[in-house]
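# Residue-level structural notes
Single-letter residue listing:
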Amino acid sequence: MSAIADHPGIDLVEPRGMPFATRRKLFLVVMAVPVVAYVLVVGIWPLAQGIWYSLYDYNLIRPQRTKFAGLDNYVEIITDPVSRQALINTAIFTIGAVFFELALGFLLALSLWRDDRFNRLALALILIPVTITPLVVGLIFKGLLAADYGMIGYFLAEWGLTDPRGLLADQHAALATLIFIDVWEWTPLVALILLAGLKALPADILEAASVDGATGLQKLRIIVIPLMLPAVLLALILRTVDAFRVFDTVYVATGGGPGNATNTLMLHAVKQGLEFFNIGRASAIANLTLIIIALIAAGFVMMIRHADRKANGK
Amino acid sequence: MHDIKGNHMKNADAAKLATAGLLACLMGSTALGQDKPFSGITLTIAAQNDQFAPVIAELAPKFEEETGATVKVDILDYGSLLTKTTADYIGDTEGYDLVTMDIVWAGEYAENGYSVELSELIERDAEEIDVDDIYPNLMMGLGNFEGKQVAFPFAGYANVLAYNKTRLDAAGLEAPTTMEEFVAAAEKLTDPDAGLYGFVANGQKGPASAQDWMQYNSEMGGAIMGEDGMPTLNSDANVESLKVYRDLFRKAAPPGAAGYDWGGREESFRQGVAALMQTWSVGAPGYYNPEISKVVDDVAITTAPHSGDMAPSYGIGGWGMAINADVSPEEQEAAWAFIKWLTSPEIHKEFNLMGAGSFLRKSEMTDADLLAKFPFLPVLAETFENGDYDYRPRIPEYPQIQDFLGTAVNSVLVGDADPKEALDAAQAQAEDLF
């Protein structure tokens, strides 16, 4: 006889009190409580606060003048020329940067596809820009492109290739220059994601295509690109969300200038919130940014699922 | 009985001894307390990253030695100082006991009651402070707003004209006294092929370009606020002055000035690239320092120019020291003692000899030791006596107005914006604040 069987109080088959299923559910709920509490405190509560503040004309420096403003703070993002310009600049920056990062990243990934020693070394080296803090990248390029002492800017201005005051001080070139800086820093990351996608391609299909006499271009168009779509969309979603929130590089390189030529939504939100303590307006800008990013992300996620189903023949 | 009596005697003696010991301890502690009245108190100062900040940190142990209060100096850039201290005041978090307050924050401090009102304390300790030795313009400008003394002045800055005398002499020019002479001299001294420019000013978007233009603007007859207390950013005088300033900037400033803030501008002058520069006097000691300056033997400093048809308008700026109204009365008392100590004639002289570049007292202007080291002090005296501390409006809305102007001026200097349109846009934004 076992030791347990000697104790009549222990019932291994059906415990007394609550049924097992109920107790299991209760256990799961208890286990989930910390996570739910964390999400409520760290995620939902600040978000709700942000939405609440955005409906008020609320400035921390002049709290006595606080009044309900409805959707005025949101309307002003569109009607106020500075906010509108920031929205447009952010859109141009995001589209421009992500387009070039994706195109160049794909070319880089293709050139690094072959698994040899040189490519492994090259991959390690091209990833260096990704490891540098964006704020430092902004400072480096600000120094390099300065018209009077910059290693690049001085010669560009001297040879008459740029405005004498430098690329970052030229209102027609400043935003494009910031896009270039972003492309310089983040293309390697896109290349890395796409390279992972390339390496995961089924070799037998490509070999079969070669046996069938498909050219390199045909293999790329018919096999590689469709099968790579999930990786492409992953890179797209990561970079789009990140580029839309750009702040550090712009803050140190141009401060949003010349004029408002490189002012972005995040820069505008930080100025409103942390310089002017205009909490209502800053919350509205942050919420709008969040909504736009959520919509973009949702769109890409749907595309990824669609591409995934297509790739798997479902 | 005997034993009892004996014990009683022993107990009585012990009680007397204990009482005497306690009194001695109390007297001792009182005596100690008088020696170091603020022992155990730590004062934390939020200090702007100007030349005075490291000097305050260097002097702090001396205050601790004298009073027992430990002084910690948190040195911050302008933006961080404003953000962190405002958050501290609003949140009642008592992070800072003392805050260096820029002249233009006075209105905001007064409206919100961030700091201890010092009028009564100044009156109480007037003799000790020697108030009459402090320039009235500095006492009012660096801490008083509409009758409320929200800070005590400790670092007066004068807007002065620094110029490269050697280059002016070579060109047969005198130091300009009017804006018309200034513009003509700057253009004449510009030789881009030789890498030499006549003038330099801040071009960077934000406070840098706004503040420099406001100075030149007031010298050319412009004003930021009207007599009715409303902004007049796009007045005819302002538009005209911005046109003159833009033309001067494009013709006579180094190309890199488009991105300069105060640091870049000062460097350009110290390296001998620019010949004329209006600047705050706090940077002047640096021109005479051979370790960082190439113009030690060439530099001269004089009062700022002004339009020929108007009275001189010398700009006054600088910093006051404010006591956080949220901290305990004991800390407030210690903070006030620190302010009195720092601005006392003896310590403030030492403070400046150590390179703070932050003058305050009339007696400093004639002090032989200071004059030997800083020959430009008479220029500061003239500016402090006759200067204007309100050319940058010290109102709660100032930071936003400065931001609107910083964008407008930068877009005119660096971009291709029309001065009238840029100032119209800034005016429309500024009107929304009132």
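In short, a report on the structure. All residue numbers refer to position in the chain's written sequence, counted from 1. As they are written, the chains are lettered A onward and the ligands numbered 1 onward, keeping that order. Per-residue local features are limited, in this predicted model, to residues with pLDDT of at least 70; the limit for side-chain atom pairs, both in listing and counting, is 80 or more; totals at the level of whole chains, interfaces and linings are taken over all residues.

Attention now goes to the nonpolar core. By convention in this section, buried Ala, Val, Leu, Ile, Met, Phe, Trp, Tyr and Cys residues joined through C-beta atoms within 7 Å make up a nonpolar core. In this scheme the burial state of a residue depends on its C-beta neighbours within 10 Å: 20 or more other such atoms mean buried, 12 or fewer mean exposed, and anything in between means partly exposed; the C-beta positions come from the backbone. Counting 188 residues, the largest nonpolar core has Leu194(A), Phe199(B) and Phe338(B) as its most contacted members. Secondary structure elements are defined from DSSP: runs of H or I of at least 4 residues count as helices, runs of E of at least 2 residues count as strands, and each element is numbered from the N terminus. In terms of residues, this core owes the most to one element, helix H8 (residues 174-199) of chain A, which gives 11 residues. Beyond its immediate stretch of four places on either side in the chain, Phe199(B) contacts Ala186(B), Leu248(B), Ala252(B), Ala253(B), Ala274(B), Leu276(B) and Met277(B). Residues are scored as being in contact if the C-beta atoms we place from backbone atoms lie within 7 Å.

Turning our attention to the environment of Val99(B). Residue and element names in this part refer to chain B. Along the chain, Val-99 falls in strand S3 (residues 98-102). What makes Val-99 buried here is the crowd of 33 C-beta atoms within 10 Å. Sequence-wise, Val-99 and Ala-46 are 53 residues apart; in three dimensions their C-alpha atoms are separated by 4.8 Å. Sequence-distant contacts of Val-99, that is, excluding residues within four places in its chain, are made with Ala-46, Thr-85, Ala-322 and Asn-324.

A few words now on the pairing of strand S2 (residues 70-76) of chain B. All names here are of chain B. Two strands pair when backbone bridges link them, and strand S1 (residues 42-48) and S2 are joined in this way by seven bridges, in the parallel orientation. By the bridge assignment, Ala-47 is partnered in S2 with Ile-75. Here a crossover is taken to be right-handed if, once the strands point away from the viewer, the path from the first strand over the helix to the second is traced clockwise. Taken together, S1, helix H2 (residues 52-67) and S2 form a β-α-β motif whose crossover is right-handed. Between any two strands, pairing holds if DSSP finds at least two bridges.

Further remarks concern the interface of chain A and chain B. In this assembly, 26 residues from chain A lie in contact with 25 residues from chain B. Charged means Asp, Glu, Lys or Arg here, nonpolar means Ala, Val, Leu, Ile, Met, Phe, Trp, Tyr, Cys or Pro, and polar covers whatever is left, Gly included. In the side of chain A that touches chain B, the residues fall into 15 nonpolar, seven polar and four charged.

Quick look at the packing of H8(A) against helix H10 (residues 216-244) of chain A now. All names here are of chain A. Axis lines are fitted through C-alpha atoms, for helices just across the contact stretch, and the angle between N-to-C directions can take any value from 0 to 180 degrees. Two elements in contact, H8 and H10, have axes separated by 8 Å at closest approach and are oriented at 155°. Of the possible angle classes, the one that applies to H8 and H10 is roughly antiparallel. In terms of crossing hand, the pair formed by H8 and H10 is right-handed. Counted together, Asp-182, Trp-186, Val-190, Ile-193, Leu-194, Ala-196, Gly-197 and Leu-198 of H8 and Met-228, Ala-231, Val-232, Leu-234, Ala-235, Arg-239 and Ala-243 of H10 form the full contact between these two elements. Oblique is the label for every angle not falling under 35 degrees (roughly parallel), over 145 degrees (roughly antiparallel), or within 65 to 115 degrees (roughly perpendicular). By the definition used in this description, the sense in which the near helix is turned from the far one sets the handedness, with an anticlockwise turn below a right angle giving left-handed and a clockwise turn giving right-handed.

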